[in-house]
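# Reading the structure
For reference, the chains in residue letters:
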Amino acid sequence: MYPVRPASMTYDDIPHLSAKIKPKQQKVELEMAIDTLNPNYCRSKGEQIALNVDGACADESSTYSSKLMDKQTFCSSQSTSNTARYAAALYRQGELHLTPLHGILQLRPSFSYLDKADAKHREREAANEAGDSSQDEAEEDVKQITVRFSRPESEQARQRRVQSYEFLQKKHAEEPWVHLHYYGLRDSRSEHERQYLLCQGSGGVENTELVKSPSEYLMMLMPPSPEEEKDKPVAPSNVLSMAQLRTLPLADQIKILMKNVKVMPFANLMSLLGPSIDSVAVLRGIQKVAMLVQGNWVVKSDILYPKDSSSPHSGVPAEVLCRGRDFVMWKFTQSRWVVRKEVAAVTKLCTEDVKDFLEHMAVVRVNKGWEFILPSDGDFIKKHPDVVQRQHMLWTGIQAKLEKVYNLVKEGLPKKPDGQSGPAALLSGDQRVQAAKSKAQQNHALLERELQRRKEQMRAAAVLPGVRIKEEPMSEGEDEEDQDAEEDEEPMDTSLGGGLHDRLANGLPSGRAAGGDSFNGHPLPGCASTPVARELRAFVEATFQRQFVLTLSELKRLFNLHLASLPPGHTLFSGISDRMLQDTVLAAGCKQILVPFPPQTAASPDEQKVFALWESGDMSDQHRQVLLEIFSKNYRVRRNMIQSRLTQECGEDLSKQEVDKVLKDCCVSYGGMWYLKGTVQS
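Keep in mind that what you see is a predicted model, and the values were worked out from it rather than measured.

## Description of the overall build of the protein chain
A tally of helices and strands in the protein chain yields 28 helices and 20 strands. Put simply, the protein chain has 682 residues, and 29% of those count as buried. Residue pairs in contact within the protein chain that sit at least 24 positions apart in sequence constitute 63% of those at least 6 positions apart. In the structure as shown, the protein chain presents an accessible area of about 45,300 Å², 53% of it carried by carbon and sulfur atoms.

Here it is in structure tokens:
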């Protein structure tokens, strides 16, 4: 490409050099003369290049007027976009003078003359082809020409044309060059300009900004580039630095570990946190981010799927994903094996989402299903029975919610009855002995409870002679036969006659003794003073202040969650029956709303018992009472009917905000109709 052989050369050796610049584009072009008399210059190659570029005829428009390649052009390009890190340094008399740079240009050889040579070559070939065709055709045919007028250019078309590459190139080419004069390295003008690189204000005054440590000084000279920081490789999200992890609070350490590991025994968690960590604090923290499954801790679903997130596979919202994953976790609390198709059939989620749930906590076994990934941790279950009991109560609440959402009874997934016969099996002698022992222990426990019940009746008879009080069983696991026998033996002695005993049967008002659940009376005299009654009443009052309408099923679920948050040995762990809970609700100023459920309803008996706070002490009490009376006669109501009834009863036109507040407190909307909370069956 070059007619000059390699040789050492400086700018002072160049016989001629001219420069020009385009200020808007910050583009510089240098044109250096080539010494054609230098022995390193190849004359034959120079003539060949000039002939290819300009042709045989030389005129004023020729690139090389001397018919030799006697000059070379260099064009500038930006070497970097960020020049804030660079400076020009000049060292003189033991001082280093730095001048910041605002632009750095790199000069590269321009081969535009080769483009001209190619254009000349194409022109010659076109001329030769045109000459050949003119000889073949004696007379050129007459052709018809169609004239078209261009349409007015629209604004969008003009913007596209202005932003096109061809337009920008044309605009850059139209900018005129400004010719510069080059001064050599040893020229007086160059020396004068070089003096500006020296700091003129160093009159012995100390610069306090430079009193820095060596590391700070280097950081000032070479600050980290934002581009380099972006290019740094980021560690994967599942890779943890234990050194950085232990600088965080304990709660954050537990959360990060469980979010990454997903399933972990308590012993492994303690080994990761270190020997100096208190196990009680870890137990308190792990229950906030994980649930106990077969003695191992599994991270909660809302930690993996936070609010406002969605599935990357199906786009399902986080709430639905959490419900489906909770179902998988609950299934593993019942058995070590889970079938994926069964989970997908119940949760109605796509295969990828269900597979993600199972991969978090199980491994697949060919022709068997998915098995829980860790063996059951019996040591933890034995050492921490209080935690196990609290987690069992939480799972009971979750199970009730899942059964309601997924209609597990309708799906054909109820638990097998105790009397359902299975395949016949042979029992060994030891197994029969063990079965007999367990049955004897159960009978012994029943006898102990019966003895305790009779002692309570005797104490009650001493307080109120002639009145025997029927007591509820303390647990839900007692046999139905035991309850029936208790009802058969229930005395109704009112021989004293008159006063209190004429109005009481079994220590309760006569309306309650008949078995009516909608009684709005008060508990037995003296019962409200017990610690259990006070704690239970405080819970009920606080719950109904937050939620004005609750079904008995939802109230029991909230009560189980409340029990799970209490410390071991609390008085409420002594046992609360359903009737005691209902009595406390009615005594706390609530009323039972007899909602007329449709005959084909799938609601359970506990879901059909609806309680509402009658008076809360705010301005909306009257509006809520009117609304509750409407729902005592209607299962579902339209909004316009509610608004007209409120206006009629209250004697004034209520604003939309007031009606919305009452509906939000007590109702939910579904399919254009309004239902009391907890009564809608989707």
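## Brief notes about the environment of W297
Checked against the element boundaries, W297 lands in strand β10 (residues 296-299). Separated by 33 residues in sequence, W297 and M264 have C-alpha atoms that sit 5.4 Å apart.

## Here's the deal with the packing of helix α9 (residues 250-261) against helix α11 (residues 279-289)
In a pair of packed helices, the angle between the axes and the distance between the axes together describe the arrangement. Close contact between α9 and α11 brings their axes to 9 Å; oriented N to C, the two are set at 50°. Judged on the interaxial angle alone, α11 and α9 are oblique. Remark: the crossing between α9 and α11 carries right-handed chirality. On the side of α9, the interface is formed by L250, I254, K255 and M258, while α11 contributes A281, V282, G285, I286 and V289. Its residues assigned to classes, the contact of α9 with α11 shows 7 nonpolar, 1 polar and 1 charged.

## Section: the pattern of salt bridges
Counted by the stated rule, this structure contains 17 salt bridges. A salt bridge links R639 to D660; the shortest N-O distance between them is 2.7 Å. Residue R639 is found in helix α27 (residues 639-650), and its partner D660 is found in helix α28 (residues 656-666); the two are separated by 21 residues along the sequence. Residues joined by salt bridges that share partners form a network here, namely D621, R624, K661 and D665.

## Concerning α9
Spanning 12 residues, α9 covers 16 Å between terminal C-alpha atoms, matching the ideal 16 Å at 1.5 Å per step. Those residues of α9 lying buried are Q253, I254, L257 and M258. Down the axis of α9, the buried set is contained in an arc of 120°. They therefore lie on one face.

## Details of the nonpolar core
M258, I286, W297, F332, F544 and L676 are the most contacted members of the largest nonpolar core, which has 101 residues in total. The element that contributes the greatest number of residues to this core is helix α13 (residues 318-334), accounting for 8 residues. Y64, M69, Y113 and A117 belong to the second largest nonpolar core, which has 10 residues in total.

## Focus: the sheet that holds strand β11 (residues 337-338)
Strand pairing in a sheet is mediated by backbone hydrogen bonds. Such pairs are either parallel or antiparallel. Here 3 strands make up an open sheet; going across it, the order is β11-β13-β12 and the pairing antiparallel. Looking at the sheet topology across the chains shown, the edges are occupied by β11 and β12 (362-365). Sheet topology note: the β12/strand β13 (residues 369-372) ladder contains 4 bridges and is antiparallel. Counterpart to V363 in the pairing with β13 is E371.

## Details of the packing of aromatic side chains
Each aromatic ring pair is specified by the distance between its two centres and by the angle formed by the two planes. Scanning all chains against the criterion turns up 9 aromatic pairs. Seen in terms of ring centroids, F327 and Y406 are 5.7 Å apart; in terms of plane orientation they differ by 75°. Their pairing is edge-to-face. Residue F327 is located in helix α13, and its partner Y406 is located in helix α17 (residues 385-406); the two are separated by 79 residues in the primary sequence. According to the relative accessible area criterion, Y406 is buried, its value standing at 9%. Ring geometry for F332 and F372: centres 5.4 Å apart, planes at 55°, overall tilted. You can see F332 sitting in helix α13 and its partner F372 sitting in strand β13, a full 40 residues away along the chain. For F332, a relative accessible area of 0% corresponds to the buried category. Take F372: its relative accessible area is 1%, and that puts it in the buried class. The positively charged end of R624 is found above the aromatic ring belonging to F548, 4.0 Å away from the centroid.

## Things to note about the side chain of H97
Relative to the assigned elements, H97 resides in strand β5 (residues 95-100). Within polar-contact distance, the side chain of H97 engages the side chain of E95 at 3.2 Å. Among the polar contacts made by the side chain of H97, one reaches the main-chain amide nitrogen of C199 at a distance of 3.0 Å. Those residues within four positions of H97 in sequence are excluded, and the remaining contacts are A88, A89, L90, R92, L197, L198 and C199.

## Overview of the sheet that holds strand β8 (residues 263-264)
The 3 strands lie next to each other as β8-β10-β9, forming an open sheet whose pairing is antiparallel. Since the sheet does not close on itself, it has two edges, and those belong to β8 and β9 (290-293), each with one partner. Of the pairings in the sheet, the one linking β9 to β10 comprises 4 bridges and is antiparallel in character. When the sheet's bridge partners are listed, V293 is paired in β10 with N296. Relative to β9, α13 is tilted by about 30°, and along the sheet it contacts β9 and β10.

## Some details on unusual backbone geometry
Residue Q93 is not a glycine yet carries a positive backbone phi of 55°. By the secondary structure assignment, Q93 is in the loop between β4 (87-92) and β5. In the Ramachandran plot, D308 falls in the positive-phi region, its phi being about 70° despite a non-glycine side chain. Residue position: D308 is located in the loop between α12 (301-304) and α13. Residue class for D308 comes out exposed when judged on its relative accessible area of 75%.

## Some details on the environment of S154
With respect to the helices and strands, the residue S154 is situated in the loop between α2 (112-136) and α3 (155-162). A polar contact is formed between the side chain of S154 and the backbone nitrogen of A157, at a distance of 3.3 Å.

## Some details on helix α26 (residues 621-631)
Of all 11 residues in α26, 9 are buried, a share of seventy percent or more. Those residues of α26 that sit buried are D621, H623, R624, Q625, V626, L627, L628, I630 and F631.

## Here we look at the packing of helix α22 (residues 531-546) against helix α24 (residues 578-587)
Taken N-terminus to C-terminus, the directions of α22 and α24 make an angle of 60°; their axes are 9 Å apart at the nearest point. On the basis of their axis angle, the class for α22 and α24 is oblique. In this structure, α22 crosses over α24, and the sense of that crossing is right-handed. Judged by residue contacts, L536, R537, V540 and F544 of α22 engage M580, L581, T584, V585 and A587 from α24. Of the residues assigned to the contact of α22 with α24, the class counts are 7 nonpolar, 1 polar and 1 charged.

Quick notes on the rules
All residue numbers here refer to positions counted from 1 along the written sequence of the relevant chain. Local features in a predicted model are, by the rule used here, given only for residues with pLDDT of at least 70; side-chain atom pairs are given and counted only at 80 or more, and totals for whole chains, interfaces and linings are based on all residues. Only hydrogens and water are set aside when side-chain values are computed; all heavy atoms of the structure are taken into account. The helix count covers DSSP runs of H or I at least four residues long, the strand count covers runs of E at least two residues long, and both are numbered beginning at the N terminus. The cut-offs for exposure are 20% and 50% of the maximum accessible area for each residue type, with area from a 1.4 Å probe on protein chains only; residues under the lower value are buried, those over the upper are exposed, and the others partly exposed. The contact definition used throughout considers only heavy atoms, calling two residues in contact when any of these lie within 4.5 Å. Residue exposure ignores everything except the shown protein chains as possible cover, and the areas themselves are Shrake-Rupley values with a 1.4 Å probe. For every element, the axis is a line fit to its C-alpha atoms; helices are fit only across the contacting stretch, and the angle between N-to-C directions ranges from 0 to 180 degrees. Here is the rule for angles: anything less than 35 degrees is roughly parallel, anything more than 145 is roughly antiparallel, 65 through 115 is roughly perpendicular, and the remaining ranges are oblique. Left-handed describes a crossing whose near helix is turned anticlockwise from the far helix by less than a right angle; the clockwise case is right-handed. All residues other than Ala, Val, Leu, Ile, Met, Phe, Trp, Tyr, Cys, Pro, Asp, Glu, Lys and Arg, Gly among them, are scored as polar; the first ten of these are nonpolar and the last four charged. A side-chain nitrogen of Lys or Arg and a carboxyl oxygen of Asp or Glu constitute a salt bridge if their distance falls within 4 Å. Working rule for helices: expected span equals 1.5 Å times residues minus one. Note that the arc is computed from the directions linking the helix axis to the C-beta atoms. Residue types Ala, Val, Leu, Ile, Met, Phe, Trp, Tyr and Cys, when buried and joined through side-chain atoms within 4.5 Å, form a set referred to as a nonpolar core. Whether two strands pair depends on DSSP finding at least two bridges between them. Two aromatic rings from Phe, Tyr or Trp, using only the six-membered ring of Trp, form a pair when their centres are within 6.5 Å; if the ring planes differ by under 30 degrees the pair is stacked, by over 60 it is edge-to-face, and anything between is tilted. A ring has a charge above it when a Lys NZ or an Arg CZ is no more than 6 Å from the ring centre and no more than 35 degrees off the ring normal. Distance and chemistry together define a polar contact, namely a pair of N or O atoms within 3.5 Å, with one atom able to donate a hydrogen and the other to accept it when in protein, and with adjacent residues in sequence counting only for side-chain atoms on both sides.

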